[in-house]
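Coordinates in review
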Amino acid sequence: MAPALEGILETALYAPDLDGAEAFYGGVLGLQKITRAGNRHVFFRCGPGVLLVFNPTETIKPPSPDAALQVPPHGTTGQGHMCFRVAREALDAWKSRLETAGVAIEADVAWPNGARSFYFRDPAGNSLECAEPGLWSIE
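Remember, it's a predicted structure, so these values are computed and weren't measured experimentally. (Residues numbered from 1 in each chain as written. Predicted model: local features only at pLDDT ≥ 70, side-chain atom pairs only at ≥ 80, totals over all residues. Heavy atoms only, no water.)

1. Considerations on the nonpolar core
Judged by nonpolar contacts, the single largest core of 22 residues is most densely connected at Tyr25, Leu29, Leu51, Val53, Phe84, Phe120 and Leu128. The greatest single-element share of this core, amounting to four residues, is contributed by helix 1 (residues 18–28). Beyond its immediate stretch of four places on either side in the chain, valine 53 contacts Leu13, Ala15, Leu18, Ala21, Tyr25, Arg40, His41, Val42, Phe43 and Phe44. Among the nonpolar cores identified, the runner-up in size contains five residues, and Tyr14, Phe43, Leu52 and Phe54 belong to it. (Core = buried A, V, L, I, M, F, W, Y, C linked by side-chain atoms within 4.5 Å. Buried < 20%, exposed > 50% of the residue type's maximum accessible area, 1.4 Å probe, protein only. Helix = DSSP H or I, 4+ residues; strand = E, 2+ residues; numbered from the N terminus. Contact = heavy atoms within 4.5 Å.)

Structure (structure tokens):
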């Protein structure tokens, strides 16, 4: 039997406008940019993990035979979703920060287990959520 997976190292979202994505994730959300490769992708540090933002029209292209990294083509169309872990006591400050930046809050949810989260969109229309860690607690 294989050992258990340890967690999620990276997650990906897709955005055709990488300048807009870079301004939003780096500026509005304050994530540290790791790297940007032209119009293909921009990567950000997010706690112990990494958020990868890809241009979907670029990542569907296979690598050239002589490319140093033979990463297979990938991508998706439509809006994705991801959730940021935020301490319960910091949720209101994050909500205020986003609203001050002109980001609309779509929903603020009190979950049956007592946890809270709220939803908003990035410039590409991806659904983002800030939730307290207890959202997925097992009681």
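Back to the write-up after that little detour.
2. Some points on the side chain of asparagine 55
Structurally, asparagine 55 is set in the loop between strand 4 (49–54) and helix 2 (56–59). Residue class for asparagine 55 comes out buried when judged on its relative accessible area of 2%. Ignoring any residue separated from it by four or fewer positions in sequence, one finds asparagine 55 in contact with Ala15, Pro16, Leu18, Asn39 and Arg40.

3. Points about the sheet that holds strand 8 (residues 127–131)
Within the open sheet, the four strands sit side by side as 5-8-7-6. Their pairing is mixed. Lying at the two open borders of the sheet, with one neighbouring strand each, are strand 5 (81–85) and strand 6 (105–110). On average, each strand axis in the sheet is tilted by 20° relative to the strand beside it, whichever way the strands run. Inspection of the sheet shows strand 5 paired to strand 8 by five bridges, in the parallel sense. Along strand 8, the bridge assignment pairs cysteine 83 with glutamate 129. In the packing of helix 3 (residues 91–100) onto the sheet, the strands contacted are strand 6, strand 7 (116–121) and strand 8, and the crossing angle to strand 7 comes to about 15°. (Pairing = 2+ DSSP bridges. Axes fitted to C-alpha atoms, helices over the stretch in contact; angles between N-to-C directions.)

4. Describing the sheet that holds strand 2 (residues 32–37)
Strands sit in the order 1-4-3-2 across an open sheet of four strands; the sheet is mixed. Sheet topology places strand 1 (10–14) and strand 2 at the edges, where each strand pairs with a single neighbour. Averaged over neighbouring strand pairs, the angle between their axes works out to 20° when direction is ignored. Note: strand 3 (residues 41–46) against strand 4, six bridges, orientation antiparallel. Bridge pairing links phenylalanine 43 to leucine 52 in strand 4.

5. Some points on helix 3
Three or more residues of helix 3 are buried, namely Leu91, Lys95 and Leu98. When helix 3 is viewed along its axis, its buried side chains cluster within an angular range of 65° and face the same direction. Exposed and oriented more than 90 degrees from the buried face of helix 3 are Ala93 and Thr100. Turning to helix 3, the residues buried within the fold contact helix 1, strand 6, strand 7 and strand 8. Taken from the residues just after helix 3, glycine 102 is the one with a positive phi, measuring 85°. (Arc of directions from axis to C-beta.)

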